[in-house]
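The primary structure of each chain is shown beneath.
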Amino acid sequence: MLIDNTGVFAFPEGPSMSSKIKSQPFNKPSYQTRKGFWREAIALQGSVTVKIMPSILYCGLLAIAVCGGAWLIRRVFDFSFNLDISLFGIAGGVLGILLVIRLNAGYDRWWEARTLWGGIVNQSRNLVVSAMAYGPNDPEWRDNLVRWTAVFPHAAHHSLRNEPPSAELDNLIGIENAKQLTTADHMPSFVALRIGELLREATERFDMDRFFYQQIDRERGLLLSHIGACERILTTPLPRIYSITIRRFILLFLVMLPLALFDHVDEGWLVPVITMFVAYPLLTLDQIGVELENPFLSSNLSHLPLNDLSAKIERNLFAVLRIKRAEAP
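Keep in mind it's a predicted model, so treat the numbers as computed, not measured. (Residues numbered from 1 in each chain as written. Predicted model: local features only at pLDDT ≥ 70, side-chain atom pairs only at ≥ 80, totals over all residues. Heavy atoms only, no water.)

## Thoughts on the overall build of the protein chain
Quick reminder of the rule: Where helices and strands are cited, they refer to DSSP runs of H or I of at least four residues and of E of at least two residues respectively, numbered from the N terminus. Burial here depends on accessible area, computed with a 1.4 Å probe over protein chains only, as a share of the maximum for the residue type. Under 20% is buried, over 50% is exposed, and the range in between is partly exposed. Should any heavy atoms of two residues lie within 4.5 Å, those residues are counted as being in contact. Residue burial considers only the protein chains on display, and all accessible areas are found by Shrake-Rupley using a 1.4 Å probe.
In terms of regular secondary structure, the protein chain is built from eleven helices and two strands. Along the chain direction, N to C, the helices and strands of the protein chain fall in the order β-β-α-α-α-α-α-α-α-α-α-α-α. In the protein chain, which comprises 329 residues, the proportion classed as buried is 40%. Residue pairs at least 24 apart in sequence account for 80% of intrachain contacts in the protein chain once pairs closer than 6 positions are excluded. On the protein chain, roughly 18300 Å² of surface is accessible, and the fraction owed to carbon and sulfur atoms is 60%.

## What about the pattern of salt bridges?
Put simply, the rule reads: Only one rule defines a salt bridge in this text: a Lys or Arg side-chain nitrogen within 4 Å of an Asp or Glu carboxyl oxygen.
Under the counting rule described, the total for this entry stands at eleven salt bridges. Put simply, Arg194 and Glu197 hold a salt bridge, and the shortest N to O gap is 3.3 Å. Of this pair, Arg194 and Glu197 both sit in helix H7 (residues 187–204), three residues apart, roughly one helical turn. Lys324 is the partner of Glu327 in a salt bridge, and the nearest nitrogen-oxygen pair spans 3.4 Å.

## Notes on the nonpolar core
What counts is decided by this rule: Buried residues of nine kinds, namely Ala, Val, Leu, Ile, Met, Phe, Trp, Tyr and Cys, make up a nonpolar core once their side-chain atoms join them within 4.5 Å.
Within the largest apolar cluster, 50 residues are counted, with the highest numbers of intra-cluster contacts made by Trp117, Leu145, Leu181, Val191 and Phe296. Broken down by secondary-structure element, the contributors of at least two residues to this core are helix H3 (86–134), helix H4 (139–160), helix H5 (170–173), helix H6 (175–183), H7, helix H8 (210–235) and helix H11 (306–327). The element best represented in this core is H3, accounting for eleven residues. Excluding its chain neighbours within four sequence positions, the residues that come into contact with Trp117 are Pro153, Ala156, His157, Leu160, Cys230, Phe296, Leu304, Leu306, Leu309 and Ser310. Counting residues in hydrophobic clusters, the runner-up holds 23 residues, among them Ile52, Leu257, Val265 and Ala279.

## Overview of helix H2 (residues 49–77)
Rule in force here: Take the number of residues in a helix, subtract one, and multiply by 1.5 Å to get its expected span.
Given a rise of 1.5 Å per residue, 29 residues ought to cover 42 Å, and the 40 Å separating the end C-alpha atoms of H2 matches this to within 8%. Within H2, burial applies to Thr49, Ile52, Ile56, Cys59, Gly60, Ala63, Val66, Cys67 and Ala70. Buried residues along H2 sit against helix H9 (240–262) and helix H10 (270–293).

## A few points about the packing of H2 against H9
Inclusion rule: An axis is simply a line fitted to the C-alpha atoms; with a helix, the fit covers only the stretch in contact. Between two such axes, the angle follows the N-to-C directions and lies from 0 to 180 degrees. Should an angle fall under 35 degrees it is called roughly parallel, over 145 degrees roughly antiparallel, and 65 to 115 degrees roughly perpendicular, with every other angle called oblique. By the definition used in this description, the sense in which the near helix is turned from the far one sets the handedness, with an anticlockwise turn below a right angle giving left-handed and a clockwise turn giving right-handed. Residue polarity follows a fixed list, in which Ala, Val, Leu, Ile, Met, Phe, Trp, Tyr, Cys and Pro are nonpolar, Asp, Glu, Lys and Arg are charged, and the others, Gly among them, are polar.
For the pair H2 and H9, the least separation of the axes is 9 Å and the interaxial angle reads 45°. Taken as axis vectors, H2 and H9 run oblique relative to one another. Viewed along their axes, H2 and H9 form a crossing whose handedness is right-handed. Only Leu251, Leu254, Val255, Pro258, Leu259 and Phe262 of H9 make contact with H2, whose side of the interface consists of Cys59, Leu62, Ala63, Val66, Cys67, Ala70, Trp71 and Arg74. For the contact of H2 with H9, the class distribution of residues is 13 nonpolar, no polar and one charged.

## A short note on the environment of Leu317
Structurally, the position occupied by Leu317 is in helix H11. Using a relative accessible area of 1% as the deciding quantity, one classes Leu317 as buried. Once residues within four sequence positions are removed from consideration, Leu317 is found in contact with Ser124, Arg125, Val128, Val146, Thr149 and Ala150.

## Here we look at the environment of Arg205
Note on placement: Arg205 falls in the loop between H7 and H8. The exposed category is assigned to Arg205, whose relative accessible area is 54%. Considering only alpha carbons, one finds Arg205 and Pro136, 69 residues apart in sequence, at a separation of 9.3 Å.

## Considerations on the side chain of Glu314
Short version of the rule: Asp and Glu count as negative and Lys and Arg as positive, but His and the ends of the chain are not part of the count.
Considering the arrangement of structural elements, one finds Glu314 in helix H11. Of the buried charged residues, Glu314 lacks a salt bridge, with Arg147 as the closest side chain of opposite charge at 7.0 Å.

## So, the packing of aromatic side chains
Applicable threshold: Think of it this way: a Phe, Tyr or Trp ring, Trp meaning its six-membered ring, pairs with another when their centres are within 6.5 Å, and the plane angle makes it stacked under 30 degrees, edge-to-face over 60, tilted otherwise.
A full pass over the atoms with the stated rule returns seven aromatic pairs. Aromatic pair Phe37 and Trp38: ring centres 5.0 Å apart, planes at 80°, arrangement edge-to-face. Grouping residues by exposure puts Phe37 and Trp38 together as exposed. Seen in terms of ring centroids, Tyr107 and Trp110 are 5.9 Å apart; in terms of plane orientation they differ by 20°. Their pairing is stacked. Of this pair, Tyr107 and Trp110 both sit in helix H3, three residues apart, which is roughly one turn of that helix. Classification of Tyr107 as partly exposed rests on a relative accessible area of 41%. One aromatic cluster in this structure is built from Tyr107, Trp110 and Trp111.

Rendered as structure tokens:
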């Protein structure tokens, strides 16, 4: 990195992170990369089965305990429950509807987050393309604008995941600026401020047309609007009372089911097995709703590929810069 007496930094040409981040999902549409039916049907990677398996086993143990208690009550008090098994079909249908409603609520959050990041992709491209087309021809200014714009998605996804920015950002904006970014209270705002300062410099120092300035600055403002909407999703989870109520219904259903099966299944050992089979789809839908609720958390299944999106934006922006460099006399 080189720093001149004006404090402006210069860096080696080309992006720093995109070359190290593989983003295969963007090479082909996802529907072209789907595996066959049997491979996905029995796949464990990307499935919630591993996460809910302990709960399913607990349901089996619970069914054994319930059946043992029912057998003991029958022996001691000569009392039989004789629950109507058809009622559980109705209750299961109602419970399934509640779970689907929660699943849809989670998917709406996931899709909204993906739409917002699509906006970040578009606004980043629009900002740089407009700046390259209508901004000053100064190579240093263009290079700095592209680098700070490329940093924005990285800062945004690190902020959403509450993690420090990668050390590789040093190659984009310099060590000192990267340190300031790390200590900033809100990293996306810090980056947006730097972009705004570069746009102001374009008007004051290079006499960029005010109309184009307003258009480019509008794209910068939309970047902050999108990240603000993402933060709304992040900081406003689904009401906890909704989750508690549905899970209580599931637990009550799975506790009562062995009592209903106890007098209708000749082989007693089948009751826990049937209970676990019934628990599997119920707990699966419940867990999928949990996974979709926070689309930014990297530990969740099917989280948004923010690393890949950020790297793709960076590559696209530097590709535009290379085009303008090639056109320069």
